[in-house]
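Residue-level listing of the chains:
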Amino acid sequence: MDVTFLGTGTSQGIPIIGSEHPVCLSNDSKDKRLRVSILITWNDLNILIDCGPDFRQQMLANNVQKLDAIFYTHEHNDHTAGLDDIRPFFFRQGDIPVFAHQRVLTALRKRFDYIFTTENKYPGAPGVTEHIIENKPFSFHGLTVTPVEFMHNRLQVFGFRVEDFAYLTDLKTIEEQEIEKLRDLKVLVVSALRIEPHHSHFNLEEALEFIEKVQPEKAYLTHISHMLGFHEEVEKDLPANVHLAYDNLKITV
Ligand SMILES: [Zn+2]
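So, how was this worked out
Throughout, a residue's number is its position along its own chain's written sequence, starting from 1. Where totals are concerned, whole chains, interfaces and linings use all residues; where local detail is concerned, this predicted model gives features only for residues with pLDDT of at least 70, and gives and counts side-chain atom pairs only at 80 or more. Three exposure classes are used, based on other C-beta atoms lying within 10 Å of a residue's own C-beta, which is placed from the backbone: buried for 20 or more, exposed for 12 or fewer, and partly exposed in between. Secondary structure elements are defined from DSSP: runs of H or I of at least 4 residues count as helices, runs of E of at least 2 residues count as strands, and each element is numbered from the N terminus. Paired strands, in this sense, are two strands between which DSSP finds at least two bridges. UniProt positions are given in the numbering used here, feature names are shortened, and annotations may be inferred rather than shown by experiment. Of all possible arcs, the one meant is that of the directions from the helix axis to the C-beta atoms. Contact between two residues is assigned whenever their backbone-derived C-beta positions fall within 7 Å. Nonpolar cores are built from buried Ala, Val, Leu, Ile, Met, Phe, Trp, Tyr and Cys residues. These are joined into a set through C-beta atoms within 7 Å. Axes here mean lines fitted to C-alpha atoms, for a helix over just the part in contact, with angles spanning 0 to 180 degrees between N-to-C directions.

### Remarks on the pairing of strand S9 (residues 155-162)
Now for step 1: Along S9, six of the eight residues are buried, which leaves the element largely enclosed by surrounding structure.
Now for step 2: The hairpin formed by strand S8 (residues 143-152) and S9 contains two residues between the paired strands, and Asn153 there has a positive phi angle of roughly 55°.
Now for step 3: One ladder, built from three bridges, connects S9 with strand S10 (residues 165-168); its direction is antiparallel. When the bridges of S10 are listed, Phe160 appears paired with Tyr167.
Now for step 4: The turn linking S9 back onto S10 is made up of two residues, and Glu163 within it adopts a positive phi angle of 50°.

Below you can see the structure in the form of structure tokens.
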């Protein structure tokens with residue numbers, strides 16, 4: 001199984017438009033972060049987690065030829081705004097399966113009614129098939145996917161465990177029984193927004209405490225704001241098994 005980090009930035013991306021913050025002005029390519037998303041490649045299947053506003057660029061940058069499903073974590077725009085750009089995949093493959101919590105599907109239907117409608121559909125509009133995710137494991141083409149539930153302030157969010165890999169973004173609080181699902185991981189990806197505390201995201205300290213508790217072999221941090229600091233400087237102070245993810249990083253699990 002391969003995992004590609006398509007985007008590792010927080011909601012505005014890095015650089016922020018018009019910002020003169022030193023991290024936004026950095027020349028290091030690892031300091032340039034599109035909105036968060038990963039691509040899981042398992043055998044011949046390409047599974048996208050979240051489809052944010054940078055989706056098109058991310059597909060082009062990684063030469064993605066087909067899309068077998070989109071799994072959504074939650075409905076915030078930085079995770080969902082790119083859905084219209086599935087059109088090239090839709091034209092080649094037909095309806096694209098989307099998997100999400102019932103509440104997230106309702107939100108998507110409202111925002112992208114022309115995609116979800118079945119009547120008088122505009123000829124160039126893409127199509128999807130809807131699949132509801134509940135908080136229990138489901139099978140996708142023989143791959144077992146275990147949703148992991150947690151809270152983003154007061155909003156429920158799903159993370160996903162696939163084999164020995166788990167991806168948890170936009171996390172602030174999580175119950176013990178959900179942490180139980182994260183035993184014996186080879187790789188854990190978890191969000192870490194910045195140094196200062198935040199009302200709906202782990203800061204760096206909380207993310208590191210969580211990793212310490214879960215004890216994966218290796219961990220990567222994502223959903224990073226310019227306020228976390230320069231990639232190179234933050235990276236060198238992390239524990240040996242923890243790394244900052246960066247855009248287009250590819251790992252094999
Ligand atoms: Zn987010």
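### Quick notes on the UniProt feature "domain: Metallo-beta-lactamase" (unreviewed entry) in the protein chain
Now for step 1: Mapped onto this numbering, the UniProt entry gives "domain: Metallo-beta-lactamase" (unreviewed entry) at residues 34-223.
Now for step 2: Across residues 34-223, helical content stands at 25% and strand content at 31%; the span's end C-alpha atoms are separated by 9 Å.

### Regarding helix H4 (residues 102-111)
Now for step 1: Buried within H4 are the following residues: Val104, Leu105 and Leu108. Taken end-on, H4 shows its buried residues confined to a sector of 100°, consistent with a single buried face. Relative to its buried face, H4 has exposed residues pointing more than 90 degrees away, namely Gln102, Thr106 and Lys110.
Now for step 2: Close packing links the buried residues of H4 with helix H2 (77-80), strand S5 (96-100) and strand S6 (128-132).

### With respect to the nonpolar core
Now for step 1: The biggest cluster of nonpolar side chains holds 64 residues, and the ones touching the most others in it are Ile70, Ala166, Leu188, Val189, Val190, Ala192 and Leu221.
Now for step 2: Among all residues touching Val190, those that are not within four sequence positions of it are Leu168, Leu171, Phe202, Ala207, Phe210, Ile211, Ala219 and Leu221.

### Looking at the sheet that holds S9
Now for step 1: Reading across from one edge, S7-S8-S9-S10-S11-S12-S13 is the order of the seven strands in this open sheet, with mixed pairing throughout. Only two strands of the sheet have a single partner each, and these edge strands are strand S7 (138-140) and strand S13 (242-244). Sheet twist, expressed as the average angle between the axes of neighbouring strands with direction ignored, equals 25°.

### Overview of the environment of Asp50
Now for step 1: By secondary structure assignment, the location of Asp50 is in the loop between strand S3 (45-49) and helix H1 (55-61).
Now for step 2: The buried category is assigned to Asp50, around which 26 C-beta atoms lie within 10 Å.
Now for step 3: Between the alpha carbons of Asp50 and Asn77 there is a distance of 9.9 Å; along the sequence they are 27 residues apart.
Now for step 4: If sequence neighbours within four positions are ignored, Asp50 has contacts with Val36, Ser37, Tyr72, Thr73 and His79.

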